[in-house]
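This is what each chain is made of:
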Amino acid sequence: MAMESRRWIDLHMHSTASDGVYPPAKLMEIAWDRGLSAAALTDHDTVSGLDAASERARKVGLEFVNGIELAAARDRGALHILGYFINPKCPALLTLLDRIVSLRNQRNHDVIARLADLGIDIDHERLNMRAGADVIGRPHIAAELVRCGISNDMRHAFNHYLGRGKPAFIERQTVSAEEAIAVIREAGGVASLAHPSQLGCETLLELETVCHRLVSAGLTAIEVNHPDHGPRDIERFSGIAARFDLARTGGSDFHRFGPAGGHGIGFGKRRTPFSWLDLLNQRRV
Ligand code: AMP
Ligand code: FE
Ligand code: FE
Ligand code: ZN
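Residues numbered from 1 in each chain as written. Chains lettered and ligands numbered in written order. Predicted model: local features only at pLDDT ≥ 70, side-chain atom pairs only at ≥ 80, totals over all residues. Heavy atoms only, no water.

Undergrad: I'd like a description of the sheet that holds strand β1 (residues 8–10), backed by residues and values.
TA: Taken in spatial order, the eight strands of this open sheet run β7-β6-β5-β4-β3-β2-β1-β8, and their pairing is mixed. This sheet does not close on itself; its edge strands, each paired only once, are β7 (247–250) and β8 (272–273). Sheet topology places β1 next to β8; two bridges connect them, and they run antiparallel. Within β8, the position partnered with W8 by the bridge is P273. (Pairing = 2+ DSSP bridges. Helix = DSSP H or I, 4+ residues; strand = E, 2+ residues; numbered from the N terminus.)

Undergrad: Explain the coordination of the iron ion (ligand 3) to me, using residue names and the numbers behind them.
TA: Only E69 (OE), H80 (ND1) and H195 (NE2) from the protein coordinate the iron ion (ligand 3), and they sit 2.0 to 2.3 Å from it. Binding-site remark: the iron ion (ligand 3) is held by donors from one chain whose sequence spacing is E-x10-H-x114-H. The two metals, the iron ion (ligand 3) and the zinc ion (ligand 4), are separated by 3.5 Å and share E69 as a common coordinating residue. In this pair, E69 is assigned in strand β3 (residues 63–72) and H80 in strand β4 (residues 79–84), connecting sequence segments eleven residues apart. Using a relative accessible area of 16% as the deciding quantity, one classes H80 as buried. (Donors = N, O, S within 2.8 Å, 3.2 Å for Na, K, Ca; no water. Buried < 20%, exposed > 50% of the residue type's maximum accessible area, 1.4 Å probe, protein only.)

Undergrad: I'd love a proper account of the packing of aromatic side chains, names of residues and values included.
TA: Following the criterion strictly, the structure yields three aromatic pairs and no others. Ring geometry for Y22 against F257: centres 5.9 Å apart, planes inclined by 70°, an arrangement best described as edge-to-face. Within this pair, whereas Y22 is found in the loop between β1 and α1 (24–33), its partner F257 is found in the loop between β7 and β8, the two being separated by 235 residues in sequence. An aromatic cluster of at least three residues, connected via ring pairs, comprises Y22, F254 and F257. For R6, the ring lying beneath its charged end belongs to W32, and the centroid distance is 3.2 Å. The side chain of R284 reaches across the aromatic face of F85, ending 4.2 Å from its centre. (Phe/Tyr/Trp six-rings, centres within 6.5 Å; stacked < 30°, edge-to-face > 60°. Lys NZ or Arg CZ within 6 Å of the ring centre and 35° of its normal.)

Undergrad: For helix α9 (residues 231–243), give the residues involved together with the corresponding values.
TA: Here α9 is 13 residues long and its end C-alpha atoms lie 18 Å apart, about the 18 Å a rise of 1.5 Å per residue gives. Within α9, the full set of buried residues consists of D233, I234, F237, I240 and A241. The arc enclosing the buried residues of α9, seen along the axis, measures out at 125°, which places them on a common side. Turned more than 90 degrees from where α9 packs its buried face, P231, R232, E235, A242 and R243 sit exposed. Check the buried side of α9 and you find it contacts α8 (204–216), β6 (221–225) and β7. Just downstream of α9, D245 is the residue with a positive phi angle, here 55°. (Expected span 1.5 Å × (residues − 1). Arc of directions from axis to C-beta. Contact = heavy atoms within 4.5 Å.)

Undergrad: So, the layout of surface pockets: which residues are in play, and what are the values?
TA: Estimated volume of the largest pocket: approximately 1,400 Å³. Along the walls of the largest pocket sit 47 residues, with H44, H80, R138, F158 and Q198 positioned nearest its centre. Within the residue set of the lining of the largest pocket, elements represented by two or more residues are β3, β4, α3 (91–117), α5 (138–147) and α6 (154–162). In the lining of the largest pocket, the residues fall into 15 nonpolar, 16 polar and 16 charged. Size it by volume and the second largest pocket reaches roughly 230 Å³. Residue lining of the second largest pocket: 17 residues in total, with G20, A131, P139, H140 and A143 positioned closest to the centre. At the level of elements, α4 (124–131) and α5 are the ones that each hand at least two residues to the lining of the second largest pocket. At five residues, the largest contribution of residues to the lining of the second largest pocket is made by α5. (1 Å grid on protein atoms, 1.4 Å probe; cavity = no way out; pocket = protein on both sides within 12 Å on 5 of 7 lines; lining within 4 Å. Points joined across faces, edges and corners; volume = space filled by probe spheres on them. Nonpolar A, V, L, I, M, F, W, Y, C, P; charged D, E, K, R; others polar.)

Undergrad: Describe the packing of α3 against α5, with residues and values.
TA: Taken N-terminus to C-terminus, the directions of α3 and α5 make an angle of 30°; their axes are 11 Å apart at the nearest point. Judged on the interaxial angle alone, α5 and α3 are roughly parallel. By crossing handedness, the relation of α3 to α5 is classed as right-handed. Contacts between α3 and α5 involve R107, N108, V111 and L115 on the former and, on the latter, R138, I141 and L145. For the contact of α3 with α5, a count of residues per class yields four nonpolar, one polar and two charged. (Axes fitted to C-alpha atoms, helices over the stretch in contact; angles between N-to-C directions. Parallel < 35°, antiparallel > 145°, perpendicular 65-115°, else oblique. Left-handed = near helix turned anticlockwise from the far one by under 90°.)

Dropping the structure here:
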């Protein structure tokens, strides 16, 4: 495919470094094969896949953006912050990631203890080894429940054990959005509010209040294109971008192909044009 015909990008993807199924390099090959011109790897709480992804992207001719996705504290819904153009060696960033990962490990221990109370025996060390990821979370525990024959699939594992309100659900402790944004900026990056549809805001005013707070903390962009967003969401979030002078980002939030987590790399309900990356680039400080 000629470069000129490659107009689309994907700024939200997960690899085996967190809870995706493809290794970082393979993900870049798929992105190229799907005709994209640029891609960002945005694993949860880790930068460990960036080097491999960047190297393979360069080999195939894909423009690559160093990314990350951090889950921030919120009393309801999900407040996730995407970081782009980050320096993966930034000490402040690495310190923050260490802290997040140790909070996660503590939580994994608690989840495993709950499962033990239910008579389900999962060994934390074995889980870490088998998952082979740098950031272990509920999806890996779910996969383990499937492997042991307790659940037939991930959905069952979440619906019966790991999901909110289920017997082995433990709230995850994490950092504040302000801290996540500050550290992304300290690492030379720009921050984008991921899938605002998942914030749990019931009114536009509520959404604007959250955005106002994040913009004051240094937010640069908002994820307008996401598979969870319908046409009305896209309109609403584009309006927020205009109102708060935020750049727009978009991506597939790809984890795997298939019903749970597969929207296809680079594709979703709405494709994201290369021009959005150009504009995001101009916001780098
Ligand atoms: P954690 O960060 O450990 O709380 O895990 C969150 C991840 O679990 C999300 O990124 C999803 O990939 C996955 N997840 C959350 N809820 C479900 C669900 N009901 N079914 C399948 N996967 C889920
Ligand atoms: Fe995920
Ligand atoms: Fe997310
Ligand atoms: Zn994501």
